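Spelled out, the chains give:
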Amino acid sequence: MFFLAQLVGGVPGWFLGGWPGALAGMVLGATVVFIADSLRAQHFIRWITDPDTSKPPMLHGLWGEAAYRARRALRGLEKDARDSERRLEEFLQAIQASPNGVVLLDPEGRIEWCNQAGAEHFGFDAERDLMQHIANLVRQPAFAAYYAGKNYERDVKLIGHGDTATHPVKLSAQLHPYGDGYKLLLSRDVTALAQAEAMRRDFVANVSHEIRTPLTVLAGFVETMQSLPLSEAERSSYLALMASQSGRMETLVNDLLTLSQLEGSPPPGAGELVDLGALMAQCEVEARGLSRLLHPLDEKPQTLNFAPAPDFTLAASVGELRSAASNLINNAVRYTPGGGTIDVRWERLADNRVRLAITDSGPGIAPEHLPRLAERFYRVDRSRSRESGGTGLGLAITKHVAQRHGGELQITSQLGKGSCFALVFPAQRVRPAKA
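Residue positions within a chain follow its written sequence, with the count starting from 1. In view of the model being predicted, local features appear only for residues whose pLDDT reaches at least 70, and side-chain atom pairs are presented and counted only at 80 or more, with totals across whole chains, interfaces and linings using the full set of residues. The basis for the side-chain values is all heavy atoms of the structure; hydrogens and waters are excluded.

(A) Geometry of helix α9 (residues 232-264). The end-to-end C-alpha distance of α9, which contains 33 residues, comes to 47 Å, matching closely the 48 Å that a straight helix rising 1.5 Å per residue would cover. Considered for burial, the residues of α9 that qualify are Met242, Gln245, Met249, Leu252, Asp255, Leu256, Leu259 and Leu262. It only takes one pair of heavy atoms within 4.5 Å for two residues to be counted as in contact. Each helix is a run of DSSP H or I of at least 4 residues and each strand a run of E of at least 2, with the numbering of both proceeding from the N terminus. In this fold, the buried residues of α9 make contact with α8 (191-227), α11 (318-335) and α13 (394-404). How far a helix is expected to stretch is found by multiplying one less than its residue total by 1.5 Å. Residue burial is assigned from relative accessible area. The probe radius is 1.4 Å, only protein chains are included, and a residue is buried under 20% of its type maximum, exposed over 50%, and partly exposed in between.

(B) The arrangement of the sheet that holds strand β10 (residues 354-360) in detail. Pairing is mixed in the open sheet, where 5 strands are placed in the order β7-β9-β10-β12-β11. This sheet does not close on itself; its edge strands, each paired only once, are β7 (303-306) and β11 (408-414). When strand polarity is set aside, the average angle formed by the axes of neighbouring strands in this sheet is 15°. Here β11 runs beside strand β12 (residues 418-425); their pairing, made up of 7 bridges, is antiparallel. Each residue of the ladder has a partner; that of Ile411, found in β12, is Phe421. Note on geometry: axes are lines fitted to C-alpha atoms, helical ones only across the stretch in contact, with angles between N-to-C directions running from 0 to 180 degrees. In the packing of helix α10 (residues 276-294) onto the sheet, the strands contacted are β7, β9 (341-348) and β10, and the crossing angle to β7 comes to about 175°. α13 rests against β11 and β12 of the sheet, and its axis sits at about 135° to β11. Each pair of strands is called paired provided DSSP finds at least two bridges between the two strands.

(C) Quick peek at unusual backbone geometry. Unlike most non-glycine residues, Met131 shows phi in positive territory, near 70°. Assignment of secondary structure puts Met131 in the loop between α5 (116-122) and α6 (134-137). Positioned with a positive phi, Lys150 is a non-glycine residue whose angle comes to about 60°. With respect to the helices and strands, Lys150 occurs in the loop between α7 (141-149) and β3 (156-159). Since its relative accessible area comes to 68%, Lys150 is described here as exposed.

(D) Structural view of the sheet that holds β3. Within the open sheet, the 5 strands sit side by side as β2-β1-β5-β4-β3. Their pairing is antiparallel. Edge strands, defined here as strands with exactly one partner in the open sheet, are β2 (111-114) and β3. Ignoring which end each strand starts from, the neighbouring axes of this sheet average 25° apart. The pairing of strand β1 (residues 101-105) with β2 spans 3 bridges and is classified as antiparallel. Within the sheet, the bridge partner assigned to Leu104 lies in β2 and is Trp113. Packing of α7 onto the sheet brings it into contact with β1, β3, β4 (170-178) and β5 (182-189), and relative to β3 it is tilted by some 150°.

Dropping the structure here:
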């Protein structure tokens, strides 16, 4: 353009008419330069306002420098936007991976976003229910009162989606206001905590009940002996009953201590081997003595069949295994009537696991009781269990022992046909028996 201006300005004066012609040439040159600059400016503006700024225009001079600097600034902004988008995506993925529910509510209470856990907790559809009011989807009275009360310093306990009698679902939900009227709804599944709390209450109530009964009996006998003149025979009878009740309390306390030790100690190692022959011989002596005690000689005796010692041994805790085996065998003796049969045997399973099975011909157990038999203090027949001297903790102890050794307690039974209680141990705890 400078060349054109000079060219125009250099036209002979006689052609343009002297100095007026020179002035006109300068004006013409400036006009040409202005038009060319305007074209560059329009080209630059079209590029800068185009959504696709990836291809900058080929410009020279100041507009070329401006295009270069603008392109560099845009690249920086694009990089920052990509980084922010990536961080937002990672943040949303982290929230999606959280086991806690997260629901974002706008100032009107409509759902703007929720993670998968939140959708499962409240029964939302993460896409279909967007912009739906939370009160239309969570209709429990407790939540409605909590939301309307606008006091969100505490949480509210709710029934979760999919709650049934056999599979309860309990939620803890709390609203957290933020921004200009927005709210964050957090939820977490507290089913396990609720069940643990219920078990704790039941456990305390059961222990209190089990101890209160013998204590009441003892207190009554003590008061009687202190206030009434008794013959030697009556005194001996009362003392015997008091000894029986104190023994019952001692057994209960010992079982509670055993459970506490099992729960608080590490699993048994594999360095201790159990002589199963000697163990079963001890259990047999104990079982036959208990059978004679519970079933007098004038009654048809029980038949106890103990199989020979197995050709393997176990890497296990001798004390724990003896406690578990004794509990199962003694239970069979207690609940099998006179004339019944009890079979005790060790056997190998097809997958190299081993099994201690105690089979009896007793009255059997109804199917609805089987899933709960190993619960603490659970009894099919409370009065009969107490009469037989049980504390309601034997099967709970046995189940803990099996689990600590990587095994399980199996229970099968039919009413009128007897029961089979079995301890199954994993193959990695089985060792060949020494000759």
